Amino acid sequence: MPKHESEQQHQGMKHDHDHSGSHHSTGHQHSGGDKHAGHHVDDFKKRFYICLIITIPIMALSPMIQMFIGVHWRFPYDTVLLFLLSTFVFFYGGKPFLVGAYRELNQKSPGMMTLISLAIVVAYVYSSLIVIGLTDVDFFWELATLIVIMLLGHWLEMKSILGASNALEELVKLIPSEAHLIMENGDIKEVSVSELSPEQTILIKPGERIPVDGIIVKGQSSLDESMLTGESVPVIKNPGDKLIGGAVNGEGALTVTVTNSGEKGYLSQVISLVKEAQESKSKTQNLSDRAAKWLFYVALGAGLITLLVWLSLGYGFNFAIQRMVTVMIIACPHALGLAVPLVVSTTTSIAAKKGLLIRNRTAFEEARKLNAVVFDKTGTLTQGKFGITDILPASGYTETEILTLVGALEAQSEHPISKGVVEEVKNREIKIPEPESFEALTGKGLKGKVNGKDVLVVSPGFMEDQKIDYPISEYNKLASQGKTVVFAVVDNQYAGLIGLADKVRESAKNAVENLKSLGIKSMMLTGDNKKVAQWVGESLHLDEIHAEVLPHQKADKITEIQKEGYMVAMTGDGVNDAPALAKADLGIAIGAGTDVAIETADIVLVRSDPNDVVSILDLSRKAYNKMIQNLWWASGYNIIAIPLAAGILYGAGIVLDPAIGAILMSLSTIVVAINAKLLRA
């Protein structure tokens, strides 16, 4: 089965190990927008406190506790009162576990709820025999404390998981409820955001949050997109620029044409991806589910064997049943069931805050094994737009003077080269004058008068036609790198040249360096020509460069690299990268909100930052280590504790009481929870 076909089926599956009946979740049931999750947390909290209060008189009435603290508070029918209070705790506090056990058994998939229920049922039934005089020993206080500790553990677990999900739910609050719709007659009408549809025009006032995705028709402003992309610096937006719903408008009023609204909007897609990430079942989760299921059978068998062995050795039934109950309490795989879900929940939250949207948990976990990352060039390693890479002024000119004269003319044009020059002028904060005259020379360049000087910004062909001298060696060097070169001519004399190219991202340099330090090879796969690819590759010190690769050949190239023994991540941003993203062991889409990103990638990077690829690998390794640590702690704890609970060291005077067993079990749960929360990006 193709990788992504199987993964799509995989992502749609719910956990086999269902705790829904007990309101106990392994993570996905608390995913963004689950209104019931908060109710379940409150329900466990309420049951915990009520049972805690009633457990106090139960302990005070218990003969064993009285003997332990050296008092004698016995009175007529105190055993009946103890039975009634314990019965309430058993049915009220134990209900979530009993219901969960029923559902697990009904699905023929016994697990932790069944085991908890087995322990409390055995304790309750055995203790109740004291009322009719069939035994003189009761476990009512152990029963009550076990239920209280279990309720506390479940409450803390659910509260923790819900807390991780709440961080993601904050995204929903970024969408305003109303928008200013501009009617055909020019009037402005307040409408619900849900009523907006593509092609409608809205007004966004200064300081307001952008209600939907759109394109600016009129106006200029700076936008705060930090909550969406992590970019702290406000982004200047002009007519023609795209807006993301959820960003905050700055000082200018904007007229915007709606492109995506409702569920098709960027923010809604992000929220959907987050939900999908939480519902995606991890490979390690499968392992813990299976372990919990088998541990039930081990515990049941160990409990019965413990009972029979102690009885066969001539010990009393009360002692033997106490050992059996202790075994079943100790063996409760609560910590085992918590080991992975809390790490998954914490990882998802950390990743979302860093702009890493995990669609496929299995692929994310396997990312720790990657030893090669293949990058698309345009828009991934490069910015996807022209920028100035070289300025070579002639004698008598400075870079600033060249940019001032050239920038004055380029500012009058919408050509990609012009935009690259103007952006450099803005970055250097150079003030450019208004040209006294301006003319576009079709196919050749620009002409005008700036500060009283005749200025030309022209192509190499124009220089050849007009026989204007220029440094050929310097031009050839830039041209061999695949760069576009324009010449500045002032008063018919060569004044300098400017090299432009799709600029390499600074973050790409850091990403490649960091990957090298991790022992991971960096490669480039591009459809661009070899000269350009070679220049970018050498700038970044890439290990391998594959240029002039057609879209349909990209997937084949990934297969070739895999056959060389590499486990490969493919990073791309376009439709032409889709086949390669699907073929790779880990598909990473740069930039969210595109169909290809949602349908093909395993992980989507909200920020178009190659360095986030390193963050993915780092987080994958840390998350996996945490999961394994938790699984070993939970399993190792049971391996050691079950024999002790059975009384294997009874001859040495070491015996575990059921209540001590409950405390130790809960302690393992708390250790696992704290360990998961110690995960840091």
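Residues numbered from 1 in each chain as written. Predicted model: local features only at pLDDT ≥ 70, side-chain atom pairs only at ≥ 80, totals over all residues. Heavy atoms only, no water.

A few points about the overall build of the protein chain
When its secondary structure is counted, the protein chain shows 25 helices and 22 strands. Relative to its full complement of 681 residues, the protein chain shows a buried share of 53%. A separation of at least 24 residues holds for 69% of the contacts in the protein chain among residues at least 6 apart in sequence. About 30100 Å² of surface is accessible on the protein chain, with carbon and sulfur atoms providing 57% of the total. (Helix = DSSP H or I, 4+ residues; strand = E, 2+ residues; numbered from the N terminus. Buried < 20%, exposed > 50% of the residue type's maximum accessible area, 1.4 Å probe, protein only. Contact = heavy atoms within 4.5 Å. Areas by Shrake-Rupley, 256 points an atom, 1.4 Å probe, with all protein chains shown as cover.)

Examining the sheet that holds strand β8 (residues 248-249)
Pairing is antiparallel in the open sheet, where three strands are placed in the order β6-β5-β8. Edge positions in the sheet fall to β6 (235-237) and β8, since each has one partner strand and no second. Examined bridge by bridge, strand β5 (residues 221-224) and β6 share three bridges and lie antiparallel to one another. Of the residues in β6, the one forming a bridge with Ser-222 is Ile-236. (Pairing = 2+ DSSP bridges.)

Considering a nonpolar patch on the surface
A grouping of Tyr-77, Val-80, Leu-84, Val-131, Ile-132 and Leu-134 is seen on the molecular surface, where their side chains present a nonpolar patch of about 640 Å² in accessible area. Positionally, Leu-134 belongs in the loop between α6 (112-128) and α7 (140-169). Judged by relative accessible area, Leu-134 falls into the exposed class, the value being 61%. (Patch = residues over 30% accessible without salt bridge, like charges linked within 9 Å, V, L, I, M, F, W, Y side chains within 5 Å. Salt bridge = Lys/Arg side-chain N within 4 Å of Asp/Glu carboxyl O.)

A short note on the pattern of salt bridges
For the structure on display, the rule yields 15 salt bridges. Across the pair Asp-78 and Arg-74 runs a salt bridge, and its minimum N-O distance is 2.5 Å. Residue Asp-78 is classed as buried on the basis of its relative accessible area of 5%. Residues joined by salt bridges that share partners form a network here, namely Glu-399, Glu-424, Arg-428 and Lys-503.

Some details on the environment of Gly-482
Within the element layout of this structure, Gly-482 appears in the loop between α18 (472-480) and β16 (484-490). Of the residues examined, Gly-482 reaches a relative accessible area of 29% and is grouped as partly exposed. Here the alpha-carbon distance between Gly-482 and Ala-501, two residues 19 residues apart in the chain, equals 7.7 Å. Leave out the neighbours within four places in its chain, and Gly-482 touches Lys-531 and Val-532.

Section: the UniProt feature "transmembrane region" (unreviewed entry) in the protein chain
As annotated in UniProt, the feature "transmembrane region" (unreviewed entry) corresponds to residues 48-69, 75-94, 115-133, 139-156, 294-313, 325-352, 631-653 and 659-679 in the numbering used here. The span residues 75-94 carries 80% helix and 0% strand; its end-to-end C-alpha distance comes to 28 Å. Annotated as residues 294-313, this span is 95% helix and 0% strand, and its ends, taken at the C-alpha atoms, are 28 Å apart. (UniProt positions renumbered as here; feature names shortened; annotations may be inferred.)

Some points on unusual backbone geometry
Here Glu-429, not a glycine, exhibits a phi torsion of approximately 55°, which is positive. Along the chain, the position of Glu-429 falls in the loop between α16 (416-427) and β13 (437-441). Assessed through its relative accessible area of 71%, Glu-429 is described here as exposed. In this structure, Asn-451 takes a positive phi of about 50° despite not being glycine. Positionally, Asn-451 belongs in the loop between β14 (445-450) and β15 (453-458).

Considering the packing of helix α4 (residues 78-93) against helix α5 (residues 95-106)
Here α4 crosses α5 at 50°, and the two axes come no closer than 5 Å. Viewed along their axes, α4 and α5 adopt a mutual orientation that is oblique. Contacts between α4 and α5 involve Phe-90, Phe-91, Tyr-92 and Gly-93 on the former and, on the latter, Lys-95, Pro-96, Phe-97 and Leu-98. Taken together, the residues of the contact of α4 with α5 sort by class into six nonpolar, one polar and one charged. (Axes fitted to C-alpha atoms, helices over the stretch in contact; angles between N-to-C directions. Parallel < 35°, antiparallel > 145°, perpendicular 65-115°, else oblique. Nonpolar A, V, L, I, M, F, W, Y, C, P; charged D, E, K, R; others polar.)

Observations regarding the nonpolar core
A general tendency of soluble globular proteins is for nonpolar side chains to be buried together. Residues Val-373, Leu-540, Leu-586, Leu-605 and Ile-616 are the most contacted members of the largest nonpolar core, which totals 64 residues. Counting residues per element, this core draws most heavily on helix α24 (residues 611-646), at 14 residues. With 41 residues, the next largest nonpolar core counts Cys-51, Val-89, Tyr-124 and Met-328 among its residues. (Core = buried A, V, L, I, M, F, W, Y, C linked by side-chain atoms within 4.5 Å.)

Here we look at helix α15 (residues 399-410)
Between its terminal C-alpha atoms α15 stretches 16 Å, which fits the 16 Å expected from twelve residues at 1.5 Å a residue. Within α15, nine of the twelve residues are buried, which leaves the element mostly enclosed by the surrounding structure. For α15, the complete set of buried residues consists of Ile-402, Leu-403, Thr-404, Leu-405, Val-406, Gly-407, Ala-408, Leu-409 and Glu-410. (Expected span 1.5 Å × (residues − 1).)

With respect to the sheet that holds β15
The pairing of strands in a sheet comes from backbone hydrogen bonds and takes either a parallel or an antiparallel form. Here six strands make up an open sheet; going across it, the order is β12-β17-β16-β15-β14-β13 and the pairing antiparallel. Each edge of the open sheet is held by one strand with a lone partner, namely β12 (382-393) and β13. Put simply, the sheet's adjacent strands are angled 20° from each other on average, direction ignored. Packed onto the sheet, α15 meets β12, β13, β14, β15, β16 and β17 (493-504) and runs at close to 105° relative to β14. In the packing of helix α20 (residues 530-540) onto the sheet, the strands contacted are β12 and β17, and the crossing angle to β17 comes to about 75°.

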